[in-house]
Amino acid sequence: MISELQQLEKDALAELDTAKTEDQFLSIKTKYLGRKGLLTGILRNIAKVSDDEKPLIGKLCNEIKNSLSVKIDEAIQQQARQKKEEIILKEKIDVTLPGSSVKCGRIHPINQICREICSVFSSFGFSVVEGPEIELDYYNFEALNIPKDHPARDMQDTFYIEENIVLRTHTSPVQVRVMEKFRPPLRILSPGKVYRRDSDVSHTPMFHQIEGLLVDKNVTFGDLKGILTSFLKKIFGEVTVLRFRPSFFPFTEPSAEVDIRCVMCGGSGCRVCGQSGWLEILGSGMVDPAVFRNVNYDSEEYSGFAFGLGLERMAMLKYGISDIRLFFENDIRFLKQF
Ligand code: PHE
């Protein structure tokens, strides 16, 4: 019986040697050590053994059982480790490589300046509103006192969708839409895209404007000057020098173009300011009574001012950018600088 047990151990070890999968290891365990396994089978004949030998056989039996059991478990663990290593090798995971960093996006310079301007005017009590980019001729021109055939239409080379539908050429139509809906007092700011058939280093067919409108009782040109002066000093610095130059817009009367002393040359004249020492920054004026009439505001009771500015131009001057097209080329090397 002793030799039978020794043979059983030998057989089991030999089988273990050739086995590869976890299933195979487990079935060896069942075959030899299981409740109906070969070891139990041998032990069934213990009755035939002399009483002297019984303890010896019992001990040997336990030893074989324990050592086989440990070996099989080890084989299972070893196999699992190996499988894991193979997967790692196959997937080429090199845990010593430095991780790839997450690239962080940035706010586009146009949106940066837009947010900056909106926040300055929010502090003056203005609310931000938006209007449609595809606009009726009525709001883009007619209601702003620019009738068909008016020469002022020539200043804004327009994309027509249909005879009476255009891509808005400025943000001023939002003035009319807001006044149609709300009664004074009003303080609104309206940023957005506008479109003109124009393309060179300082013009793109799509660009951005911000419109401002304030309507209340007793609003004067002094209020316009005060608010625009505070605003431009906040954006370009306290030392900024301003100039209000008489101008013409059909929807404001009187109208003024606002210039700042050139931020590049300080006024001595350079390429950026065309040797004039001044930079044109925005258009503005007191709302024309004709516009108030179109929205049923009583121009005897209310007065107001409006202004419009180009965001690309502001950003170009603030950041010293020479070609407007850079804003829309989506070149990461350019955008990363802001
Ligand atoms: N809408 C005008 C433009 O695009 C600017 C402007 C707005 C002027 C409001 C006066 C008042 O040129």
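On a predicted model such as this, the values are computed, not experimentally measured, just so you know.

What counts, and at which threshold
- Residues numbered from 1 in each chain as written.
- Predicted model: local features only at pLDDT ≥ 70, side-chain atom pairs only at ≥ 80, totals over all residues.
- Heavy atoms only, no water.
- Helix = DSSP H or I, 4+ residues; strand = E, 2+ residues; numbered from the N terminus.
- Rg over C-alpha atoms; globule rule 2.2 N^0.38 Å.
- Buried < 20%, exposed > 50% of the residue type's maximum accessible area, 1.4 Å probe, protein only.
- Core = buried A, V, L, I, M, F, W, Y, C linked by side-chain atoms within 4.5 Å.
- Contact = heavy atoms within 4.5 Å.
- Expected span 1.5 Å × (residues − 1).
- Arc of directions from axis to C-beta.
- Pairing = 2+ DSSP bridges.
- Axes fitted to C-alpha atoms, helices over the stretch in contact; angles between N-to-C directions.
- Domains from an automatic or database assignment.
- Near = heavy atom within 4 Å.
- Polar contact = N/O pair within 3.5 Å; in protein donor to acceptor, adjacent residues only side chain to side chain.
- Areas by Shrake-Rupley, 256 points an atom, 1.4 Å probe, with all protein chains shown as cover.
- Parallel < 35°, antiparallel > 145°, perpendicular 65-115°, else oblique.
- Nonpolar A, V, L, I, M, F, W, Y, C, P; charged D, E, K, R; others polar.

## Remarks on the overall build of the chain
Part 1: The number of helices and strands found in the chain is 11 helices and 10 strands.
Part 2: For the chain, whose C-alpha radius of gyration is 43 Å, the value lies well above the compact-globule estimate of 20 Å for 338 residues.
Part 3: Projected onto its principal axes, the C-alpha coordinates of the chain cover approximately 130 × 45 × 40 Å.
Part 4: Sorting the 338 residues of the chain into buried and exposed places 41% on the buried side.

## Notes on the nonpolar core
Part 1: One finds Ile117, Phe121, Phe231, Leu232 and Met314 to be the most contacted residues of the largest nonpolar core, which totals 44 residues.
Part 2: The contacts of leucine 232, once residues within four sequence positions are left out, are Gly237, Thr240, Leu242, Val258, Ile260, Ile281 and Met314.
Part 3: Within the second largest apolar cluster, 23 residues are counted, among which are Tyr139, Val176, Val215 and Val287.

## Points about helix α2 (residues 22–33)
Part 1: Look at α2: 16 Å from first C-alpha to last across 12 residues, which is about the 16 Å you get at 1.5 Å a residue.
Part 2: Burial in α2 covers these residues: Phe25, Ile28, Tyr32 and Leu33. One side of α2 carries all its buried residues, which in axial view fall inside an arc of 90°. Residues of α2 that are exposed and point more than 90 degrees away from the buried face comprise Asp23 and Thr30.
Part 3: Buried residues in α2 make contact with α1 (2–18), α3 (38–43) and α4 (53–91).

## Points about the sheet that holds strand β10 (residues 303–310)
Part 1: Across the sheet, 7 strands lie side by side as β1-β5-β6-β10-β9-β8-β7; this open sheet has mixed pairing. The two strands at the open ends of the sheet, each matched to only one other strand, are β1 (127–128) and β7 (242–249).
Part 2: The pairing of strand β5 (residues 186–195) with strand β6 (residues 206–216) spans 10 bridges and is antiparallel. Within β6, the position partnered with valine 194 by the bridge is phenylalanine 207.

## Some thoughts on the sheet that holds strand β3 (residues 160–162)
The strands making up a sheet associate through hydrogen bonds between their backbones, and the pairing can be parallel or antiparallel.
Part 1: Strand order across the open sheet formed by 3 strands is β2-β4-β3, with antiparallel pairing between neighbours. The open sheet has two edge strands, β2 (134–136) and β3, and neither has a second partner. Taking each pair of neighbouring strands and ignoring which way they run, the sheet shows an average axis angle of 35°.
Part 2: Note: β2 against strand β4 (residues 165–167), 3 bridges, orientation antiparallel. Counterpart to isoleucine 134 in the pairing with β4 is leucine 167.

## Comments concerning the domain arrangement of the chain
Part 1: The domain boundaries assigned to the chain delineate domain 1 (2–91) and domain 2 (109–335).
Part 2: Between the C-alpha centres of domain 1 and domain 2 the distance comes to 89 Å.

## Some points on the site of the ligand
Part 1: The ligand sits among 15 residues. The nearest are His170, Ser172, Arg196, Gln209 and Gly308.
Part 2: Contacts to the ligand include serine 172, whose side-chain N or O atom sits 2.9 Å from a nitrogen atom.
Part 3: Side-chain polar atom of glutamine 209 to an oxygen atom of the ligand: 3.0 Å apart, as the coordinates give it.
Part 4: Isolated, the ligand exposes 330 Å² of accessible area, and the fraction of that covered by the protein chains is 91%.

## Structural notes on the packing of α1 against α2
Part 1: Relative to each other, α1 and α2 sit at 170°, their axes nearing to 10 Å. Between α1 and α2, the interaxial angle falls into the category roughly antiparallel. Counting all contacts with α1, which are made through Leu8, Asp11, Ala12, Glu15 and Leu16, the residues of α2 involved are Phe25, Ile28, Lys31 and Tyr32.
Part 2: Classifying every residue of the contact of α1 with α2 by side-chain character gives 6 nonpolar, no polar and 3 charged.

## Observations regarding the pairing of strand β9 (residues 278–287)
Part 1: Across the 10 residues that make up β9, a large majority, 9, are buried.
Part 2: Across 5 bridges, β9 lies against β10 in antiparallel orientation. Counted as the bridge partner of serine 284 is phenylalanine 307 from β10.

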